[in-house]
Amino acid sequence: MSMSEESSSSRRLMKTLNNNTYFSEDLWLQIFPYFRLNVIFKFKCVSRVWNFHLSSPNLIYKWIQFNADNTTLPWILVYIFKQKHLRKFSIAYLESHSPYISNHNGFSFEFLNGNPNSSSYSTLYFLGSSNGLVLCLRNTFHYVCNPLTHKWVQLPPTPHQDDSERLSTLTGFVCDCFTFPTTSYKVVRIPPWHRDSNKFSIQVFSSDLGKWNLYEVYCPEGVNLRFPKGASDLIIHNNVLYWIHHSSIVAYNLENNESELRQCRLIDLPDRGNGSTRCLRESNGSIFYARIKMREKTLCVWVLQEENFHLFHSSIDLHDLFADMVIQIRADLNGSRWRRDIVKVFGFDPVDSNVVMIGYKHYIWAYNTGTRKYDELCHPFFLGNPHSAFDVVYLPLVLKVMPTVLPPRSW
């Protein structure tokens, strides 16, 4: 359905519903899962009755089920950038998603400033996202929120409040919104250790239990791990943790927490070469590993299946993309040297695994490995954080926009 056809259909629906005094819940559930999010949010403004029905957990659950594999669902990339001595956050998105994003002030995350423990002057860091919910950190406080609905909750203090390396801590977040009637989510933190070790600690928070639990995990015999330097991503998929460790991926099944055998395992990474940038992310229900070879200007993508990586896309030629990068960036940098060695893979489209985010400084493109076409992402004006030509993106996080309902507090 095109945007014009959808608008015409919306007007007819409003006229039909306004001319009738009563509709069963089944009717709302049958009609509205077919509409886009921005249309539904416009409908919520019609009256209190409409807002009540369109905020129903039953309808939201039905909409999420119906749209789970919809590749047109909007998404945004949230990230931190340094500007002089300040850290600020911004977002980027496709022009086609602008009707959802630019007219919705929730993506400024200003609704979190109403928390008495929060200061709008301190940096808001984004640590994870899953099915519409976002895990944030400000000062020493963790929050889980949905920017689409402006709902948020502050988590209990972490086990080590004196942790001075919070941003060094590996943090993973996952939300299960497909188990009716309530959503649940889980936060996993792995604090840093400072020398090679055959064990490490994990901290797990579950929204169902409402508390943090601590566990000690052991390495396979003869294996010692070193905490990863720099930013590294902790992925939670099917209740298993994954993160990159040198030429391997460390994997640990959280279901082992309640057993005596709490042991991680190692999965070999494919094509481990120098002069490349790499990224491990989840997309459309699978784990993907992407790597760009800078010298050859090629992109390779693998998918993890049954504990092994299988080639998904092989040696995609990026010369055209790199050429467009050079033209635009050199113009903005007034002739300054363009360094291809800091081109990064930021992630994947959360619902279309063919789309890879590739960036240089704060310039970000969505590259479709199937069509070989690419689009530069937009940066909104409403955040009031304009970029300079030298700003660099770090801690990028892809957020799928969904009306997921936060579960009731259990603590």
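Please refer to the structure higher up on the page.
Residues numbered from 1 in each chain as written. Predicted model: local features only at pLDDT ≥ 70, side-chain atom pairs only at ≥ 80, totals over all residues. Heavy atoms only, no water.

What about the overall build of the chain?
Now for step 1: When helices and strands are tallied, the chain shows seven helices and 23 strands.
Now for step 2: In the chain, which comprises 411 residues, the proportion classed as buried is 53%.
Now for step 3: When contacts within the chain are restricted to residue pairs at least 6 apart in sequence, those whose partners lie at least 24 apart make up 55%.
Now for step 4: Of the accessible surface of the chain, which amounts to about 20200 Å², a share of 48% is contributed by carbon and sulfur atoms. (Helix = DSSP H or I, 4+ residues; strand = E, 2+ residues; numbered from the N terminus. Buried < 20%, exposed > 50% of the residue type's maximum accessible area, 1.4 Å probe, protein only. Contact = heavy atoms within 4.5 Å. Areas by Shrake-Rupley, 256 points an atom, 1.4 Å probe, with all protein chains shown as cover.)

Notes on the nonpolar core
Now for step 1: Ranked by internal contacts, the top residues of the largest apolar core, which has 40 residues, are Phe109, Phe126, Cys136, Val144 and Tyr185.
Now for step 2: Here the element with the most residues in this core is strand β4 (residues 133–138); it accounts for five residues.
Now for step 3: Listed in part, the 23 residues of the second largest apolar core include Val303, Phe322, Val343 and Tyr360. (Core = buried A, V, L, I, M, F, W, Y, C linked by side-chain atoms within 4.5 Å.)

Considering the pairing of strand β12 (residues 240–245)
Now for step 1: Counting buried positions over the six residues of β12 gives six, a clear majority of the element.
Now for step 2: Here β12 shows a buried face lined by Val240, Tyr242 and Ile244 and a second buried face lined by Leu241, Trp243 and His245.
Now for step 3: Bridge count for strand β11 (residues 235–237) against β12 is three bridges, and the pairing is antiparallel. Within the sheet, the bridge partner assigned to Ile235 lies in β12 and is Tyr242.
Now for step 4: Counted between consecutive antiparallel strands, the loop separating β11 from β12 contains two residues, among which Asn238 sits at a positive phi close to 55 degrees.
Now for step 5: Pairing of β12 with strand β13 (residues 248–253) involves six bridges; the strand directions are antiparallel. Across the sheet, the residue bridging to Val240 is Asn253, located in β13.
Now for step 6: Hairpin connection of β12 to β13: two residues between the antiparallel strands, including His246 at a positive phi of 55 degrees. (Pairing = 2+ DSSP bridges.)

Quick look at the sheet that holds strand β14 (residues 265–268)
Now for step 1: The sheet built from four strands is open, its strands ordered β11-β12-β13-β14 with antiparallel pairing. Edge positions in the sheet fall to β11 and β14, since each of these pairs with one other strand and no more. Here the average twist between neighbouring strands, direction ignored, is 30 degrees. (Axes fitted to C-alpha atoms, helices over the stretch in contact; angles between N-to-C directions.)

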